[in-house]
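Structural features, examined
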Amino acid sequence: MVDKNWTKIFTDGFRGPASPGHHRIWSAVYGDEYPAALDTHSYITVSELDRMAEDCLLSAGDRLADIGCGRGGPGIWLAARRDAELIGIDIAATALEAACEKASAFGLADRATFQLGSFTDTNIATGSLQAVMSIDALLFAADKAEALAELARITAPGGRLLMTTWDYHTQPDGRPPQLSDHRPVLEAAGFSVLTYAETDQWRERQYRTNVLMIESVEELAAEDGRDPAELLIGLKEMLATNDCMSRRVYVVAEHRR
Ligand SMILES: C[S@@+](CC[C@H](N)C(=O)[O-])C[C@H]1O[C@@H](n2cnc3c(N)ncnc32)[C@H](O)[C@@H]1O
């Protein structure tokens, strides 16, 4: 199968407001662990965000980047919590427009910027960040080693990486090459891995959200005028990739001095 055009998929997916159907499904599966106000497009939980706020070691005025920021919620929340400045990067212009609006709604308009870019081309100055984060996005990078080297380049010595992503035991069809373990690649990029923890109930929660989305395909497609048959193909593909994953991981790493 040919690799998908992720820029088109995400640009189309982030067009229009956040989906009420997505909100309903995530609330049903995650309950209080769903950070509803953040309009996330990921499996991030309230507990993981709280843990990141502790692990990032950011002080007021420090600089944080969120790579693959989507609508911006997790980075905006963390920057607000730690009084940090935020740069959000994503390949989807539609996501960045929503992220700008969200930053304003959270009172962060004067210290949050959002710009088009990618894991391997952030356009952020070398060593200029005290922390970099990425939520459920690295799986879409074509070259994980190159992506993590770029995250190390932009992070100051002693600065931290906070990330959630997946290890895979089998390469899924039509997806960028995946890793069975990110730790050797993180170390080679210049990070010391401090935490590498499987996240709570990840497989069960992903399956439940994916199955509920498939069951709600007509409602979800009607929200933004998509073709239900086409959407169903994408949802089934997403469900199938779960079988290739060995764990979802919460990662904290420090850029070596
Ligand atoms: C599953 S969403 C997560 C969004 C956001 N982090 C959140 O928690 O709501 C994955 C995000 O990664 C972005 N993305 C995909 N490929 C990327 C790349 N090569 N570089 C940067 N961002 C990318 C997508 O546009 C999308 O916003």
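Every value quoted in this text rests on a predicted model; they were computed, and no experiment measured them.

The next point concerns helix H3 (residues 46–55). Every buried residue belonging to H3 is among Glu48, Leu49, Met52, Ala53 and Asp55, and all of these are buried. Buried residues along H3 sit in contact with helix H4 (73–82), strand E4 (129–135), strand E5 (155–168) and strand E7 (245–255).

Our focus in this paragraph is the UniProt feature "domain: Methyltransferase" (unreviewed entry) in the chain. Summarizing the sequence annotation, UniProt attributes the feature "domain: Methyltransferase" (unreviewed entry) to residues 66–159 in the numbering used throughout. The straight-line gap between the two end C-alpha atoms of residues 66–159 is 14 Å; of that span, 36% is helix and 27% is strand.

This part covers the pairing of E5. Every other side chain in a regular strand lies on the same face of the sheet, so the side chains alternate between the two faces. Where burial is concerned, most of E5 is hidden: 13 out of the 14 residues are buried. Looking at chain direction, E4 and E5 are connected through six bridges and run parallel. Looking at the pairing, Val132 lines up with Leu161 of E5. You can see the chain leave E4, run along helix H6 (residues 144–154) and come back into E5, and the turn it takes is right-handed. Strand direction decides the pairing type here: E5 and E7, joined by nine bridges, are antiparallel. Looking at the pairing, Asp167 lines up with Arg247 of E7.

This part covers the pairing of strand E1 (residues 63–67). In terms of burial, E1 is a largely internal element, four of the five residues being buried. Where E1 lies against strand E2 (residues 85–90), five bridges are found, and the strand directions are parallel. Paired with Asp66 across the strands is Gly88, a residue of E2. Handedness of the β-α-β unit built from E1, H4 and E2 comes out right-handed.

Let's shift gears to the site of the ligand. If you check the shell around the ligand, you find 17 residues, and the closest are His41, Ser42, Gly68, Asp90 and Phe119. For the ligand, an oxygen atom lies 3.5 Å from a polar atom in the backbone of Gly70. The contact in question runs from a nitrogen atom of the ligand to an N or O atom on the backbone of Phe119, over 3.1 Å. By residue class, the composition of the shell around the ligand is nine nonpolar, six polar and two charged.

With that settled, consider the packing of helix H8 (residues 202–215) against helix H10 (residues 228–241). For the pair H8 and H10, the least separation of the axes is 10 Å and the interaxial angle reads 160 degrees. Overall, the two elements H8 and H10 adopt an arrangement that is roughly antiparallel. Judged by the twist between their axes, the crossing of H8 over H10 is left-handed. Contacts from Tyr207, Asn210, Val211, Met213 and Ile214 of H8 reach H10 at Leu232, Leu235, Lys236, Met238 and Leu239.

About the thresholds
Residues numbered from 1 in each chain as written. Predicted model: local features only at pLDDT ≥ 70, side-chain atom pairs only at ≥ 80, totals over all residues. Heavy atoms only, no water. Buried < 20%, exposed > 50% of the residue type's maximum accessible area, 1.4 Å probe, protein only. Helix = DSSP H or I, 4+ residues; strand = E, 2+ residues; numbered from the N terminus. Contact = heavy atoms within 4.5 Å. UniProt positions renumbered as here; feature names shortened; annotations may be inferred. Pairing = 2+ DSSP bridges. Right-handed = clockwise from strand over helix to strand, strands pointing away. Near = heavy atom within 4 Å. Polar contact = N/O pair within 3.5 Å; in protein donor to acceptor, adjacent residues only side chain to side chain. Nonpolar A, V, L, I, M, F, W, Y, C, P; charged D, E, K, R; others polar. Axes fitted to C-alpha atoms, helices over the stretch in contact; angles between N-to-C directions. Parallel < 35°, antiparallel > 145°, perpendicular 65-115°, else oblique. Left-handed = near helix turned anticlockwise from the far one by under 90°.

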